[in-house]
Amino acid sequence: MKTRSELKSESKELLKGHWGKAILLNIIPIVGSIISMSLIGLCVFLIASFVDSDSARHVAEAIGSTNSDVSAGSSGANVGSSVTSIIGTLLTVGVMFTTIDWLRTKKADFNTASGIFAVFCKKYFVGTIILVILTTIFKVLWTMCFVVPGIIKSYSYSQTYYIYKDITDSGQDENLNFLDYITLSRSLMKGHKLDYFVLQLSFAGWFILACIIPFGIGFIWYWPYYTTTKAAFYKDLSQDMFLGEKNGYRQLLEK
């Protein structure tokens, strides 16, 4: 297994001379982070502007008068939020698929728009949605038991989408159900969850720096670097076993 430094070096080597391409590929999380940081800054400004008691009282009255309206529309808002979350996850997975292909081929001649929407095709779409729903349900159930097991399980399931892509691409998906992809990820991550956690933790400094830079502009560099390094982790951990000889991964299902 490569060290964190080696994984990051591999990512930086891939991105060298192609940062523009990488930024466009990761434009959705970048824009989302910039909007989030701008909204947080706006909220801080508004709170600082309305600290006097009269303003606070008026705000409280306004909130109280709209409570009934909010409750009436909450169910619709929840549905809309769920749909938005699923679409966002699908786009994120599309970026993951394109990044792992880029990391393997070293060719940056792909179309970034097609890369972002890579999941939205007959080959991946239905399967990815099912996996999004299943992994979300499992993580929520584990979190309802205790928070820590939920976090641990999220690391166990973290390679599910990569594995699904590789097996689907290699045509080895016969006789597999969608729970098998989750099982394969869980088996692959045995003994490596801490490695993955520490790898993510090593980006904390980058994340804080991105937050400090005004309007979240730092996320323009953070997201491509972070996404590529996670793909490098999977590539090194799996050693392309899901792309190789037919049924070469079957032993993982028995673990």
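Coordinates for the structure precede this section.
Residues numbered from 1 in each chain as written. Predicted model: local features only at pLDDT ≥ 70, side-chain atom pairs only at ≥ 80, totals over all residues. Heavy atoms only, no water.

A short note on the overall build of the chain
The number of helices and strands found in the chain is 14 helices and 0 strands. Secondary structure elements in the chain, listed N-terminal to C-terminal, are α-α-α-α-α-α-α-α-α-α-α-α-α-α. When burial is assessed residue by residue, the chain has 36% of its 255 residues classed as buried. Carbon and sulfur atoms form 67% of the exposed surface of the chain, whose accessible area is close to 13,900 Å². (Helix = DSSP H or I, 4+ residues; strand = E, 2+ residues; numbered from the N terminus. Buried < 20%, exposed > 50% of the residue type's maximum accessible area, 1.4 Å probe, protein only. Areas by Shrake-Rupley, 256 points an atom, 1.4 Å probe, with all protein chains shown as cover.)

Remarks on the packing of helix H8 (residues 147–156) against helix H11 (residues 193–201)
At a closest axis distance of 9 Å, the pairing of H8 and H11 adopts a crossing angle of 95 degrees. Relative to H11, the element H8 lies roughly perpendicular. Listed contacts from H11 to Ile152, Tyr155 and Ser156 of H8 are Lys193, Tyr196, Phe197 and Gln200. Looking at the contact of H8 with H11, its residues break down into 4 nonpolar, 2 polar and 1 charged. (Axes fitted to C-alpha atoms, helices over the stretch in contact; angles between N-to-C directions. Parallel < 35°, antiparallel > 145°, perpendicular 65-115°, else oblique. Contact = heavy atoms within 4.5 Å. Nonpolar A, V, L, I, M, F, W, Y, C, P; charged D, E, K, R; others polar.)

Remarks on helix H7 (residues 125–145)
Taking 1.5 Å of rise per residue, the 21 residues of H7 would be expected to cover 30 Å, and the 31 Å separating its terminal C-alpha atoms lies within 8% of that figure. Turning to H7, its buried residues are Gly127, Thr128, Leu131, Val132, Leu134 and Thr135. (Expected span 1.5 Å × (residues − 1).)

Quick look at a nonpolar patch on the surface
On the surface, a nonpolar cluster with roughly 690 Å² of combined accessible area is contributed by Ile27, Ile28, Val31, Ile35, Leu39, Leu42, Phe45 and Leu46. When you line up the elements, leucine 46 lands in helix H3 (residues 27–49). You can call leucine 46 partly exposed: its relative accessible area is 37%. (Patch = residues over 30% accessible without salt bridge, like charges linked within 9 Å, V, L, I, M, F, W, Y side chains within 5 Å. Salt bridge = Lys/Arg side-chain N within 4 Å of Asp/Glu carboxyl O.)

Re the packing of aromatic side chains
This model, assessed by the stated rule, comprises 23 aromatic pairs. Taking 4.7 Å as the distance between ring centres and 35 degrees as the angle between the ring planes, the aromatic pair formed by tyrosine 196 and phenylalanine 233 counts as tilted. Here tyrosine 196, found in helix H11, pairs with phenylalanine 233, found in helix H13 (residues 219–238); they are 37 residues apart in sequence, far enough to count as distant. Both residues of the pair, tyrosine 196 and phenylalanine 233, count as buried. (Phe/Tyr/Trp six-rings, centres within 6.5 Å; stacked < 30°, edge-to-face > 60°.)

So, the nonpolar core
With 51 residues, the main nonpolar core has Ile163, Ile167 and Phe242 as its most contacted residues. Elements with a contribution of two residues or more to this core: helix H1 (4–15), helix H2 (19–25), helix H5 (67–105), H7, helix H9 (160–170), helix H10 (178–188), H11 and H13. Leaving out residues up to four positions away in the same chain, phenylalanine 242 has contacts with Ile163, Asp166, Ile167, Ser170, Gln172, Leu184, Leu188, Tyr234, Tyr249 and Leu252. (Core = buried A, V, L, I, M, F, W, Y, C linked by side-chain atoms within 4.5 Å.)

Points about the pattern of salt bridges
Side-chain pairs of opposite charge can arise where the charged atoms are in close proximity. On inspection of all chains with the given rule, the structure shows 9 salt bridges. Here lysine 106 makes a salt bridge to glutamate 10, at a shortest N to O gap of 3.9 Å. Placement of lysine 106 in the loop between H5 and helix H6 (112–116) and of glutamate 10 in helix H1 is noted, with a sequence separation of 96 residues between them. The class for lysine 106 is partly exposed, based on a relative accessible area of 47%. Looking at glutamate 10, the relative accessible area reads 12%, which means it is buried. Lysine 16 serves as the salt-bridge partner of glutamate 13, at 3.5 Å between the closest nitrogen and oxygen. Each member of the pair, glutamate 13 as well as lysine 16, is classed as exposed.

Quick look at the environment of asparagine 175
Its location among the elements puts asparagine 175 in the loop between H9 and H10. Owing to a relative accessible area of 73%, asparagine 175 belongs among the exposed residues under this scheme. Leave out the neighbours within four places in its chain, and asparagine 175 touches Asp180 and Arg250.

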